[in-house]
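Descriptive analysis of the structure
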Amino acid sequence: MSSFVTGVTLDSFDQLPAHTRRCRFWVLDPGVDAPSSDSLDLEFENEAWLSMIMLEWGSCGQMLSTGGESIGCALYAPPGVVPRASAFPTSPVSADAVLLTTLRVESEVDREDHSAALMQAVVADLVNRGVRALEAFGIRKTADDAKTGPTATSQLTCSDTVCMIDADFLEKMGFDVVAPHHRYPRLRLELDRDHGWKQDVESALERLLLAASLTMVDIEHKDPVGVG
């Protein structure tokens, strides 16, 4: 069954995976993310947050769909508009980087290939927009974390183990650790070095699509020459 990666738009919020639409982890200020916030309409808070970013900054998400159903997404934004970005021991995010907050696939089928496809779409978008680097706060999971299960579904409560990206996966995707930490390392992917993104974005995408047997749509293919 073919899968598609499309850019998140103002009209496609309700197509995002259920957990992402209600996730409080990145959207709410951790200083006020207390039991009282349970009364908040989390879907409204997330939609308003993403709408603000898209209106003021531009594209900030990629969505993976298969069989007409959304099964994964990636979200990214300038760190200054991400409330939790300053709360980690490895903060702050570098001034020239965009922060990757979310990369999740809610299916065990071809999980790694789907995750890689989402990452490729994020990189293609940011390279075309002249962004110099992508950073993320990864998580080093323990044996106890594994007890929560490998899949973060809409039924799971938001937490670092559920809502953060595994640091090992980020390293597989070419990220380097720039701020080490036993639990929350900060990692960075240069978008104008190695990887071939700057010189040949389309070729890189085609190689991944061939390996993953995915079809990607709604990604702008612009000439990357001159990207800083």
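Residues numbered from 1 in each chain as written. Predicted model: local features only at pLDDT ≥ 70, side-chain atom pairs only at ≥ 80, totals over all residues. Heavy atoms only, no water.

The subject of this paragraph is the pattern of salt bridges. Applying the stated criterion across every chain, the model contains 13 salt bridges. Arg-188 serves as the salt-bridge partner of Asp-96, at 2.8 Å between the closest nitrogen and oxygen. One end of the pair, Asp-96, is in the loop between β3 (69–77) and β4 (97–105); the other, Arg-188, is in strand β8 (residues 186–190), and 92 residues separate them in sequence. Residue Asp-160 is joined to Arg-183 by a salt bridge in which the shortest nitrogen-to-oxygen separation is 3.4 Å. One end of the pair, Asp-160, is in helix α5 (residues 160–163); the other, Arg-183, is in the loop between β7 (176–179) and β8, and 23 residues separate them in sequence. (Salt bridge = Lys/Arg side-chain N within 4 Å of Asp/Glu carboxyl O. Helix = DSSP H or I, 4+ residues; strand = E, 2+ residues; numbered from the N terminus.)

Before going further, it helps to spend a moment on unusual backbone geometry. Most peptide bonds take the trans form, and the phi angle of most residues other than glycine is negative. Here the residue pair Ser-91 and Pro-92 is connected by a cis peptide bond, since its omega of 5° sits within 30 degrees of zero. Mapped onto the secondary structure, Pro-92 falls in the loop between β3 and β4.

Below, the discussion takes up the pairing of β8. Counting buried residues along β8, 5 of its 5 residues qualify, which places the element largely inside the surrounding structure. Here β8 shows no split at all, with Arg-186, Arg-188 and Glu-190 on one side and Leu-187 and Leu-189 on the other all buried. Pairing of β7 with β8, which is carried by 3 bridges, proceeds in the antiparallel orientation. Residue Asp-176 lies in a different strand from β8, and its bridge partner there is Arg-188. Hairpin connection, β7 to β8: the antiparallel pair is bridged by 6 residues. (Buried < 20%, exposed > 50% of the residue type's maximum accessible area, 1.4 Å probe, protein only. Pairing = 2+ DSSP bridges.)

If you trace the backbone, Arg-22 turns up in helix α1 (residues 18–22). For Arg-22, a relative accessible area of 41% puts it in the partly exposed group. The sequence separation of Arg-22 and Asn-46 amounts to 24 residues, and the corresponding C-alpha distance is 6.7 Å.

Enumeration according to the criterion identifies 0 disulfides in this entry. Left without a disulfide partner, Cys-23 is nearest to the cysteine sulfur of Cys-163, which lies 3.5 Å away. Note on Cys-23: relative accessible area 9%, which makes it buried. For Cys-158, which is in no disulfide, the shortest distance to another cysteine sulfur is to Cys-23 and amounts to 3.6 Å. We classify Cys-158 as partly exposed; its relative accessible area is 21%. (Disulfide = S-S within 2.5 Å.)

Glancing now at helix α2 (residues 42–56). Between the first and last C-alpha of α2 there are 21 Å, a value that for 15 residues agrees with the 21 Å anticipated at 1.5 Å per step. All buried positions along α2 are accounted for by Leu-42, Asn-46, Trp-49, Leu-50, Ser-51, Ile-53 and Met-54. Considering only its buried residues, α2 is in contact with α1 and β3. Here α2 starts with a cap whose side-chain oxygen sits 3.3 Å from the backbone nitrogen of Glu-43, and that cap is Asp-41. (Expected span 1.5 Å × (residues − 1). Contact = heavy atoms within 4.5 Å. Polar contact = N/O pair within 3.5 Å; in protein donor to acceptor, adjacent residues only side chain to side chain.)

Functional significance is not addressed by these values, which are geometric in nature.
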